[in-house]
Amino acid sequence: MNQTTVIIILATVLLILVASLIFLAAKLGGDKIAASAAAKEAAERGVTLDDLFTVASDPSTSKNKLFSILRMFSTNFRLPPKKDGVAPDEAKEYLNFITALASHKNADAKLIAFMSNELKKKNPEYVREIEAYEQKGTLKSRS
């Protein structure tokens, strides 16, 4: 084959590949892409724990938005270190966010399990507290 034919075939394959990726992104991840964009935007403008708590407490927040704020929380926030094995008072705000997220009507078992795993990995000294506040939230959502 000559060089021009090979280039045309490669360009066609590349074009088909790009078109199928765009189609898959539009079909499968439109909401996830929007949630990721919202997460990046929020991180750039300096989101506070109170902002995340407000979104988690809003009953109209979607499951994708809950996942987005959970990722933001696990990426940008860390529970304050314990002093002599005791959690400081500031830790209560972080733990209340866990309860708010776990008690949300749109939080399913998959989201809660992801939250539990991520936060326990990043805050190993708070495993018991994370479990307790998560359980408190799931019990609150059932009532």
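The text that follows walks through the structure, step by step, so that each part is easy to find. Worth saying up front: this structure is predicted, and the values here are computed from it rather than measured.

The rules we used
- Residues numbered from 1 in each chain as written.
- Predicted model: local features only at pLDDT ≥ 70, side-chain atom pairs only at ≥ 80, totals over all residues.
- Heavy atoms only, no water.
- Axes fitted to C-alpha atoms, helices over the stretch in contact; angles between N-to-C directions.
- Helix = DSSP H or I, 4+ residues; strand = E, 2+ residues; numbered from the N terminus.
- Parallel < 35°, antiparallel > 145°, perpendicular 65-115°, else oblique.
- Left-handed = near helix turned anticlockwise from the far one by under 90°.
- Contact = heavy atoms within 4.5 Å.
- Nonpolar A, V, L, I, M, F, W, Y, C, P; charged D, E, K, R; others polar.
- Patch = residues over 30% accessible without salt bridge, like charges linked within 9 Å, V, L, I, M, F, W, Y side chains within 5 Å.
- Areas by Shrake-Rupley, 256 points an atom, 1.4 Å probe, with all protein chains shown as cover.
- Salt bridge = Lys/Arg side-chain N within 4 Å of Asp/Glu carboxyl O.
- Lys, Arg positive; Asp, Glu negative; His and termini not counted.
- Charge placed at Lys NZ, Arg CZ, Asp CG, Glu CD.
- Buried < 20%, exposed > 50% of the residue type's maximum accessible area, 1.4 Å probe, protein only.

**Focus: the packing of helix H6 (residues 109-122) against helix H7 (residues 127-142)**
Link 1 in the chain: In contact at an axis separation of 10 Å, H6 and H7 are set at 160° when each is read in the N-to-C sense. Taken together, the axes of H6 and H7 lie roughly antiparallel to each other. Along this stretch, H6 crosses H7, giving a crossing that reads as right-handed. Contact residues: Ile112, Met115, Ser116, Leu119 and Lys120 in H6; Val127, Ile130, Glu131, Glu134 and Thr138 in H7.
Link 2 in the chain: Counted by class, the contact of H6 with H7 contains five nonpolar, two polar and three charged residues.

**Brief notes about a negative patch on the surface**
Link 1 in the chain: A cluster of acidic residues, Asp50, Asp51, Asp89, Glu90 and Glu93, forms a negative patch on the protein surface.
Link 2 in the chain: Structurally, the position occupied by Glu93 is in helix H5 (residues 91-102).
Link 3 in the chain: With a relative accessible area of 46%, Glu93 lands in the partly exposed category.

**Re the pattern of salt bridges**
Link 1 in the chain: Scanning all chains against the criterion turns up four salt bridges.
Link 2 in the chain: In this structure, Asp108 engages Lys63 in a salt bridge whose closest nitrogen and oxygen atoms are separated by 2.5 Å. Taken as a pair, Asp108 in the loop between H5 and H6 and Lys63 in helix H4 (residues 63-76) lie far apart in primary sequence, 45 residues in all.
Link 3 in the chain: The class of Asp108 is partly exposed, set by a relative accessible area of 26%.
Link 4 in the chain: Judged by its relative accessible area of 39%, Lys63 is partly exposed.
Link 5 in the chain: Taking the shortest distance from any N to any O, the salt bridge between Lys121 and Glu118 comes out at 3.2 Å. On the criterion of helical spacing, the pair formed by Lys121 and Glu118 is a turn pair, its members being three residues apart in helix H6.

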